[in-house]
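Close look at the chain arrangement
Letter by letter, the chains look like this.
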Amino acid sequence: MEFIDPLPPFFYDREVTSVARDLIGCLLTHRSPEGLTAGVIIETEAYHQSERACHAFRGQTPRNAPLFGPPGRSYVYFTYGMHWCFNAVTGPEGEAAAVLIRAVEPLAGLELMRARRGREALRDLCRGPARLTQAFGISREQNELCLHSSRLRIHPRTPLHLPAGIEVSPRIGVRAAKDLLWRFTLIGSRFLSRPG
DNA sequence: GGAACGATTGAT
DNA sequence: TCAATCGTTCCT
């Protein structure tokens, strides 16, 4: 299966909120040993070291080190003792920021997703940050990968997937800095983790 | 060494 | 509404 060339690292070397907005409608692909999975990004959130909800707010630690690295790499972290979440690192090296991918519309590898998720309903495969990492087979092994050249990639929007409209709202599940409208959703999608 | 907590999910 | 489940971080 062929896709458009993946987004180059400089795409991610901008303000994190701009990248989060522009990733809506882009295509996430993972060529794992078990097979290919792909989906259209429909929900993102921005995080930056300057605000309390960011893992890097109190400085660099072993876990959040990828956030301080060069743009265009993955930051995958473990949470709640059982879930993985996937981010795209943004901004210049040394400045910690990333876009959390919260939901995608499943496009390819549906049966592999169903097997990994243990669920049949299309709507339940990638609706939520930890659901999509499970469906895509993303965990510790996929941390700090280059999203341009590794098996885990993000590709530009295609004419078939132009966003109808993008809505902003407060980030889900964060108490700190909850006044920031740093969540971006594709209006009207039935694959959002929660209504926009 | 110990404890509190978490960018969630699924069942009740 | 609530339990599951454990790595990370911070405090003593």
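This report concerns the structure included in the present document.

Criteria and cut-off values
- Think of each chain on its own: its residues are numbered from 1, step by step along the sequence as written.
- Think of it this way: whatever chain is written first is A, whatever ligand is written first is 1, and the rest follow in order.
- The predicted nature of this model means local features are confined to residues of pLDDT at least 70 and side-chain atom pairs, given and counted, to a pLDDT of 80 or more, with totals for whole chains, interfaces and linings taken over all residues.
- With hydrogens and water stripped out, all remaining heavy atoms of the structure feed into the side-chain values.
- Any two strands are treated as partners once DSSP identifies two or more bridges connecting them.
- Helix and strand assignments come from DSSP, with helices taken as H or I runs of at least 4 residues and strands as E runs of at least 2, each series counted from the N terminus.
- Put simply, a patch holds well-exposed residues, over 30% relative accessible area, that have no salt bridge, with like charges counted together within 9 Å and Val, Leu, Ile, Met, Phe, Trp or Tyr side chains within 5 Å.
- Here, Shrake-Rupley sampling with a 1.4 Å probe gives the accessible areas, and only protein chains in the shown set may cover a residue.
- Only one rule defines a salt bridge in this text: a Lys or Arg side-chain nitrogen within 4 Å of an Asp or Glu carboxyl oxygen.
- Within this scheme the basic residues Lys and Arg register as positive and the acidic residues Asp and Glu register as negative, but His and the chain ends are omitted.
- In this description, the location of a charge corresponds to atom NZ of lysine, CZ of arginine, CG of aspartate or CD of glutamate.
- Residues enter a nonpolar core if they are buried and are Ala, Val, Leu, Ile, Met, Phe, Trp, Tyr or Cys, with the set joined through side-chain atoms within 4.5 Å.
- When a residue's accessible area, from a 1.4 Å probe over protein chains only, is under 20% of the maximum for its type it is buried; when over 50% it is exposed; and in between it is partly exposed.
- The contact rule is simple, with two residues in contact once any of their heavy atoms fall within 4.5 Å.
- Being near a molecule or strand, for a residue, means having at least one of its heavy atoms within 4 Å of it.
- Pairs of N or O atoms within 3.5 Å make up the polar contacts considered here, provided that, within protein, one atom can donate a hydrogen while the other can accept it, and that residues adjacent in sequence are counted only when both atoms are side-chain atoms.
- Residues are grouped as follows: Ala, Val, Leu, Ile, Met, Phe, Trp, Tyr, Cys and Pro are nonpolar; Asp, Glu, Lys and Arg are charged; all remaining types, including Gly, are polar.

1. Things to note about the pairing of strand E3 (residues 74-79)
- Relative to strand E4 (residues 83-89), E3 is paired through six bridges, and the arrangement is antiparallel. Across the sheet, Tyr75 pairs through a bridge with Asn87, a residue of E4.

2. With respect to a positive patch on the surface
- Taken together, Arg119, Arg123, Arg131 and Arg190 make up a surface patch of like positive charges.
- Inspection of the secondary structure assignment puts Arg123 in the loop between helix H2 (110-117) and helix H3 (129-136).

3. A short note on the nonpolar core
- Formed by 37 residues in total, the largest nonpolar core has its most connected members in Tyr12, Leu23, Leu28, Phe86 and Ile154.
- Secondary-structure elements contributing two or more residues to this core are helix H1 (16-22), strand E2 (35-48), E4, strand E5 (97-108), H3, strand E6 (152-155) and strand E8 (183-186).
- Per element, the largest residue contribution to this core is five residues, and it comes from E5.
- Those residues in contact with Leu23, other than ones at most four positions away along the chain, are Leu7, Phe11, Tyr12, Ile41, Thr44, Ala88, Val99, Ile101, Ile154 and Arg157.
- Of all hydrophobic cores here, the second largest spans 14 residues; its members include Cys54, Ala56, Phe68 and Tyr77.

4. Points about the protein's contact with DNA strand C
- Residues in close proximity to DNA strand C include Arg58, Thr61, Pro62, Arg63, Phe78, Tyr80, Gly81 and Met82, which together make up its full environment.
- The sugar and phosphate moieties of DNA strand C supply 70% of its atoms located within 4 Å of the protein.
- A distance of 2.4 Å separates a base oxygen of DNA strand C from a polar atom in the backbone of Tyr80.
- Looking at the surface near DNA strand C, its residues break down into four nonpolar, two polar and two charged.

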